[in-house]
Amino acid sequence: MSPSVRLQEMIRVIRSARTQGEERGIIQRECADIRAQFRQGDNGERSHSLAKLLYVHMLGYPAHFGQMECVRLIASPRYNEKRIGYLGAMMLLDEKQDASLLITNSIKNDLSHSSQYVQSLALCTLACMGSAEMCRDLAPEIERLLRASNSYIKKKATLCAVHIIRKVPELAELFTPSARTLLSEKNHGVLHGAVVLITELCKRNPDTLDQFRKTVPELVQIMKGLVTSSYSPEHNVAGISDPFLQVRILRLLRILGHNNDTASDAMNDLLAQVATNTDSSKTAGSAVLYETVLTIMDINSESGLRVAGNINCKFIFTTLTTIVQTDHNAVQRHRGTIVDCLKDQDTSVKRRALELSLALVSAVNIRSMMKELLIFLSFCPPELRSQTASGIFNAAERYSPSKRWHIDTILHVLTTAGGDVRDETVPNLIQLITTASELHCYTVHKLYRALVKDIAQQSLVQVACWCIGEYGDLLLKGECEEIEPLQVTEDDVLDALETVLQSHMSSPATRGFALTATMKLSTRITDNVDRIRSIVSIYGSCIDLELQQRAVEYNALFKKYDHMRAAVLERMPVMDKNSPGYTNGDTPGEIKEPDTSKPKPVCDLLDLLGGTDTPLQPSPAPTSTPTTTSIPTVSVYEKNGLSLKIQYDKQTETEVTVSLIASNSTQNDITSFTLQAAVPKSVQLQMKAPSGNVIPAHGLGQVTQTVLLNNPNKASLPCFRFVQLSFLLNLSALFMHKLDYTFIPPTGQP
């Protein structure tokens, strides 16, 4: 049986092993035989034994004992042994192995060998695993081979020179003169290696970069020849002539044209020609076009993207989306072209154009870009509406030039695509409206018109109902300087709200907004309070539990607690948004300092409950930005011997911690005592375990329970004071009925 067959037989046996243990046994026996062959000296079988060992190494088994055999075979005068020795060296040795230094002299001798195939073995091995020391010793030999007449050796020597430059950068100057002459080569392999070598030289030395900028016309001619050349079966890939060389040349041109007007202008026509003559339907053509786009964006070309019409839009947007993160101004020059692509018939192109358009919005172009985006929103495919609306909201919040513009923009989006916006849009817009006190009249008039015109957009209807409930008196006055006022009667407003309540298109949350707005109007109008009372009472038996609960509680305000109705239904306090990321049109990077000149009216909110006869005194203005607010203990329930107090333990911009303290002054213990509460869905409620469920009689003990309120959106302090008010009212309602009554507040409470 011949030696080659023995290798094939070993492979067959190993593959036929049914278990891993059986395979390990075969490998161990073969390795023992290989060691025995190595010990026998020059018997003509060493190369075959090393070949078998290399296969074992490929399977992941130890093969380090063959390293020295590689050194011996490399020094052999026989080509077949030398070939296996070099292959083993590339697989089993690296620059960290001491044995690698032993082959340096053999490589040097083989670089001067009369056979080109022996020379190529040495070149490949040095390029694969040559250490820094080996590169220094053999660099002169490589430079000599770069000037050889044999193209086969030149190609391998060029790539070996690239490895030497990466290992020892200071040797780069040695190869610079030879690299320039290699560009005149006609051989594909040599030319490809020359471009790679010049690219490596230009990356590492600015002086070398200036020298090779003179070669731009030569590179342009080579590239034009590739683009316009006829069919070449040797280097043709899917109809693209030598795409690998084209990509390498484009990358080198990108380096040479960066920050250099002369070099950039010299390659503009070429880039247009590449874009025109390259077929993007093929993978190879796509790769060339991708590199073309990168080159266009990186060079100093005044025409910029003038060849964009010839390039597939998908490649443009994929590339520009990456570039915009690092060079925003470079992409801004092509804003018009990008916006035009929003009208493309291809949905994928529209999506990429939308992403890039949103990334290009800035404080300078916010008005013009938003105009284009709003037009796009009106005709964009349904699957892009949500993304478009969210992008417009984010851009408007960051760069809006004024609050009125901000409000108009969001209302336009809600009117066009109200059903595709995210849940947080409604509270965010409400917060914006409350802070723009000078625009309350303008906003309520505009929202009322939108409500009367269309009640299908639920988000818009919810905001409109909230605004009418808060600022209905401004609507009824019929006076507004910012917009042509409407002459609206109380009946007109109530008719609009009743339409929302009765419409099958209204969601339960929207009906909750409408019912609350109707209730709030009871303190803002004078002639139709009985009608409001009638509307509220009707929904006291509604099948929707949340709406029914609202109506029951509002009826209680009309009947038992009518003296508190005006105070409870007052306008919501202004909610500021002072998060660092919120600029509202301010200069980017500028953070508004909180206003500490006036104390916040915390005491007024707490006094609405009627739990204390003495108004709480606001704390004096702090000298620096406070991190917490101190609020005294408040009694929220005192009836039939049961007393409930709320003690504020800690309050920050993002968290409120309170303790609920219950005591019993009756003659009997109160057992099975529980407290239940809820807050709006934007706030997280965590009720820790109570200290017990029995309140001793005669005030001999208390039951305490800690409650944590957290806002993941980091709402400011005024927003949390609203949460406190809502929370306290919930607890009051709990005790207004009976102790085991579970009070769940309306989730859409504005």
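Everything below is about the structure printed above this text.
Now for a look at the structure at hand. Sequence order sets the numbering: in each chain, residues are counted from 1 along the sequence as written. Reporting of local features is limited, given that this is a predicted model, to residues whose pLDDT is at least 70; pairs of side-chain atoms are given and counted only at 80 or more, and all residues count toward the totals for whole chains, interfaces and linings. Hydrogens and water are ignored here; the side-chain numbers use all heavy atoms of the structure.

**Details of the overall build of the chain**
Strands are runs of DSSP state E lasting at least 2 residues, helices are runs of H or I lasting at least 4, and numbering of each runs from the N terminus. Across its full length, the chain holds 34 helices and seven strands. Partitioning the intrachain contacts of the chain with sequence separation of at least 6 by distance along the chain shows that 67% fall at a separation of at least 24. Areas reported as accessible are Shrake-Rupley estimates using a 1.4 Å probe. Residue values count occlusion only from the protein chains shown. With the model as given, the accessible surface of the chain reaches about 35,800 Å², and the carbon-plus-sulfur share is 49%. It only takes one pair of heavy atoms within 4.5 Å for two residues to be counted as in contact.

**Here we look at the environment of R351**
With respect to the secondary-structure elements, R351 resides in helix 21 (residues 347-360). Considered as a pair, R351 and P381 are 30 residues apart in the sequence and their alpha carbons are 9.7 Å apart. Not counting the four nearest positions on each side in its chain, R351 is found in contact with E383, L384 and Q387.

**A few points about helix 3 (residues 46-58)**
In this analysis, the expected span of each helix is defined as 1.5 Å times one less than the number of residues it contains. Under the 1.5 Å per step criterion, the end-to-end length of helix 3 is 18 Å for 13 residues, consistent within 8% with the ideal 18 Å. Positive backbone phi, approximately 100°, marks G60, located one or two places after helix 3.

**Here we look at the pattern of salt bridges**
Salt bridges are defined by distance alone: a side-chain nitrogen of Lys or Arg within 4 Å of a carboxyl oxygen of Asp or Glu. One pass over the structure, following the stated rule, counts 25 salt bridges. Ionic pairing is found between K52 and E30, a salt bridge with its closest N-O pair at 3.2 Å. Of this pair, K52 sits in helix 3 while E30 is found in helix 2 (residues 20-39), placing the two residues 22 residues apart along the sequence. Accessible area is worked out with a 1.4 Å probe on protein chains only. A residue is then buried under 20% of its type maximum, exposed over 50%, and partly exposed in between. Looking at K52, the relative accessible area reads 13%, which means it is buried. Residue E30 is classed as buried on the basis of its relative accessible area, which comes to 17%. Ionic pairing is found between R136 and E170, a salt bridge with its closest N-O pair at 3.4 Å. Of this pair, R136 sits in helix 9 (residues 132-146) while E170 sits in the loop between helix 10 (151-167) and helix 11 (172-182), and the two are 34 residues apart along the sequence. Classification of R136 by relative accessible area gives partly exposed; the value is 44%.

**Here's the deal with unusual backbone geometry**
With phi around 55°, N640 is a residue other than glycine that occupies positive phi space. Within the element layout of this structure, N640 appears in the loop between strand 3 (634-639) and strand 4 (642-651). Of note in the backbone geometry, H698 takes a positive phi value of approximately 60° without being a glycine. Here H698 is to be found in the loop between strand 6 (684-687) and strand 7 (702-710).

**Details of the environment of S115**
Relative to the assigned elements, S115 resides in the loop between helix 7 (104-111) and helix 8 (116-129). Overall, S115 belongs to the partly exposed group, its relative accessible area being 22%. Expressed as a C-alpha distance, the spacing of S115 and Y79, which sit 36 residues apart in the sequence, is 9.8 Å.

**Quick word on the environment of L660**
Within the secondary structure layout, L660 lies in strand 5 (residues 655-664). Taking the C-alpha atoms as reference, L660 lies 7.6 Å from V707; in sequence the two are 47 residues apart.

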